[in-house]
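# Commentary on secondary and tertiary structure
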Amino acid sequence: MATPASIRTNVLTMRVRLVDARYPSPAHRSSFLGAALQRIRALPGVEAAGTIDDLPLIEGSSQTLDLEGYPPQREPVAVQVRQITPGYARAMGIPVLRGRDIVESDAGVLLVSADAAKLYWGADDPIGRRAALPALSKTVLRQVVGIVGDVKQRNLSEATTPTVYLYTREPYGKATFVIRTSVLPATLAQPAVAAIRAIDPEQPVGDIRTMVQVLDGRLTSQRFSALLLGLFAGVALLLAAVGIYSVLSYIVRGRSREIGIRTALGAQRADVLRLVIVEGMSPAFVGIAAGTIAALASAKVMKTLVFGVSASDPLTLAAVAATLALVALMASLVPAYRAVRLDPVKALRGD
């Protein structure tokens, strides 16, 4: 999953929170997660499974790194830190760009995203180097074993987030299972919960959702804003069409004598039709050009409302321009048709 746009539709997630009364030590928690993952991976239709403390697009830990062998940064930038187990990267489709993925035999190792590697190690190769997470321990150094693809961890409107993935034998009390399936994820929800309950019948399992549903939940506010924006745009388009029609009708009535004279002197219907349509389409084209420039200028602001489509996408701009031109043309046709049907004699006498 390099970006949320590439989230697979066959990823199921479910959250557990281990209470201290039943899982008082890291060893107890690690044993539970390992046993649960083993059972889930054995289910038919499961391709990969792992856990993470906080899913992408959900607020998580943000920390700085202390690099072994490097002077401290004057103004270190915090990166997102996620605690995972083996199988998580494969389950989420996060590619390993260099080095390797974590394995069960590891203890206290790190995966770093490409952005995090560039942010902290620059042009140097971070694989094999060690770093501390001061928020957890200033003295424990953890080795980087691989560089993985970048993910949007915080929200969809921002760029990908520098991220460090930690694998340790001392997991937190909360974990979200991430299960990649070869079948519809919903069909594995009940068997996966049963696999967890087989280890601990009293263990609650919540937030059973696909990653697509997680993404949809984060898009609610953007969709509402886009809906309002689309509604106002539709009203504006309707008002523009009425305005063009009204102005052209007024112009045709005011120029009826001129049109009568042109017709009397031999002007063809096509000439009159062209005259009126050009009269209406010229300001429309000017408006479309001005609107295109304004859209390009406001592209950065619009990115928060058009997730998945660039605000300066040429196909989108072309479609909008074509729609506006079509509306202007349709609004011009009725006055143009009336102009063509003007009786030159009546038009001259009426003045």
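Residues numbered from 1 in each chain as written. Predicted model: local features only at pLDDT ≥ 70, side-chain atom pairs only at ≥ 80, totals over all residues. Heavy atoms only, no water.

## Thoughts on the environment of Ile199
Selection rule: Only DSSP runs of H or I with at least four residues qualify as helices, and only runs of E with at least two residues qualify as strands; both kinds are numbered from the N terminus onward. Only protein chains enter the accessibility calculation, which uses a 1.4 Å probe. A residue is then buried if its area is under 20% of the maximum for its type, exposed if over 50%, and partly exposed in between. Here, two residues are considered to be in contact whenever any of their heavy atoms come within 4.5 Å of each other.
Within the secondary structure, Ile199 is located in helix H4 (residues 186–199). Taking relative accessible area as the criterion, Ile199 reaches 30% and is therefore assigned partly exposed. Separated by 164 residues in the primary sequence, Ile199 and Ala35 place their C-alpha atoms 7.6 Å from one another. Sequence-distant contacts of Ile199, defined by excluding residues within four places in its chain, comprise Phe32, Ala35, Ala36 and Arg39.

## Quick look at the sheet that holds strand E1 (residues 11–17)
Note the threshold: Any two strands between which DSSP finds at least two bridges are classified as paired. Axes here mean lines fitted to C-alpha atoms, for a helix over just the part in contact, with angles spanning 0 to 180 degrees between N-to-C directions.
Judged by pairing direction, the sheet is antiparallel, and its four strands sit side by side in the order E2-E11-E1-E12 without closing on themselves. At either end of the open sheet lies a strand with only one pairing partner, and these are strand E2 (46–52) and strand E12 (206–210). Taken pair by pair, the neighbouring strands of this sheet meet at an average axis angle of 15 degrees, ignoring direction. As paired strands, E1 and strand E11 (residues 174–181) are joined by seven bridges and run antiparallel to one another. Paired with Val11 across the bridge in E11 is Arg180. This element, H4, spans E1, E2, E11 and E12 of the sheet and lies at about 30 degrees to E1.

## Considerations on the packing of helix H1 (residues 26–41) against H4
We count it as follows: Between 65 and 115 degrees an angle is taken as roughly perpendicular, under 35 as roughly parallel, over 145 as roughly antiparallel, and anywhere else as oblique. Crossings are assigned a handedness: left-handed for a near helix turned anticlockwise from the far helix by less than a right angle, right-handed for a clockwise turn. Residues were grouped as follows: Ala, Val, Leu, Ile, Met, Phe, Trp, Tyr, Cys and Pro as nonpolar; Asp, Glu, Lys and Arg as charged; and all remaining residues, including Gly, as polar.
Contact pair H1 / H4: the axes reach a minimum separation of 9 Å and the direction vectors enclose 140 degrees. When the axes of H1 and H4 are compared, the pair comes out oblique. In this structure, H1 crosses over H4, and the sense of that crossing is right-handed. Contacts between H1 and H4 involve Phe32, Ala35, Ala36, Arg39 and Ile40 from the former and Ala192, Ala195, Ile196, Ala198 and Ile199 from the latter. Along the lines of polarity and charge, the residues of the contact of H1 with H4 split into nine nonpolar, no polar and one charged.

## Details of the packing of aromatic side chains
Operational definition: Classification of ring pairs rests on two measures: the distance between centres of Phe, Tyr or Trp rings, Trp counted by its six-membered ring, which must be within 6.5 Å, and the angle between planes, read as stacked under 30 degrees, edge-to-face over 60 and tilted in between.
Tallying each qualifying case throughout the model produces three aromatic pairs. Their ring planes at 55 degrees and their centres at 6.5 Å tell us that Tyr120 and Trp121 sit as a pair that is tilted. In this pair, the class of Tyr120 matches that of Trp121, namely buried.

## Let's talk about the pairing of strand E5 (residues 79–83)
Among the five residues that make up E5, five are buried, leaving the element largely enclosed by the rest of the structure. Where strand E3 (residues 61–63) meets E5, three bridges bridge the pair, whose relative direction is antiparallel. The partner of Gln63 across the bridge, within E5, is Val79. When E5 meets strand E10 (residues 163–167), the two strands line up parallel, connected through four bridges. Bridging from a neighbouring strand, Val81 pairs with Val164 of E10.

## Looking at the nonpolar core
Put simply, the rule reads: What we call a nonpolar core is a set of buried Ala, Val, Leu, Ile, Met, Phe, Trp, Tyr and Cys residues that are connected through their side-chain atoms within 4.5 Å.
Membership of the largest hydrophobic core comes to 23 residues, with the highest contact counts inside it found for Met14, Val16, Ile40, Phe177, Ile179 and Ile196. Secondary structure elements with two or more residues in this core: E1, H1, E2, E11 and H4. A per-element tally of this core places H4 first, with six residues. Apart from the residues lying within four places of it in its own chain, the contact partners of Ile40 are Val46, Ala49, Phe177, Ile179, Ala192, Ala195 and Ile196. Within the second largest apolar cluster, 21 residues are counted, among which are Ile102, Leu111, Val151 and Tyr167.

## Re helix H8 (residues 269–297)
Definition in use: Given the number of residues in a helix, its expected span is that number minus one, multiplied by 1.5 Å. We define the bend at any residue as the angle between the axes fitted to the seven residues before and including it, ending there, and the seven starting there.
Taking 1.5 Å per residue, 29 residues should reach 42 Å; H8 reaches 42 Å between its end C-alpha atoms and fits that length. Its maximal kink placed at Val278, H8 deviates by approximately 25 degrees.

## Some details on the pattern of salt bridges
Where we set the bar: Counted as salt bridges are all cases of a side-chain nitrogen of Lys or Arg within 4 Å of a carboxyl oxygen of Asp or Glu.
Across all of its chains, the model carries nine salt bridges by this definition. Arg22 is paired through a salt bridge with Glu202; the nearest N and O atoms lie 3.8 Å apart. Here the residue Arg22 occupies a position in the loop between E1 and H1, and Glu202 occupies one in the loop between H4 and E12, the gap between them amounting to 180 residues. Connected through salt bridges with shared partners, the residues Arg22, Asp200 and Glu202 form a single ionic network.

## Here we look at a nonpolar patch on the surface
In plain terms, the rule: Each patch groups residues whose relative accessible area exceeds 30% and which form no salt bridge, using 9 Å between like charges and 5 Å between nonpolar side chains of Val, Leu, Ile, Met, Phe, Trp and Tyr. Accessibility throughout is a Shrake-Rupley quantity obtained with a 1.4 Å probe, and a residue counts as covered only by protein chains that appear here.
Residues Phe224, Leu227, Leu228, Leu231, Phe232, Val235 and Leu239 make up a contiguous nonpolar surface patch of roughly 740 Å² in combined accessible area. Note on placement: Leu227 falls in helix H6 (residues 220–254).

## As for the pairing of strand E9 (residues 141–148)
The element E9 is extensively covered by neighbouring structure, given that six of its eight residues are classed as buried. Both strand E6 (residues 96–99) and E9 contribute to a ladder of three bridges, which runs antiparallel. Bridging across to E9, Gly99 finds its partner in Gly146. Alignment of strand E8 (residues 130–132) against E9, held across three bridges, turns out to be antiparallel. For Ala132, the partnering residue across the bridge sits in E9 and is Leu141.

Any link to function would need more than the numbers given here.
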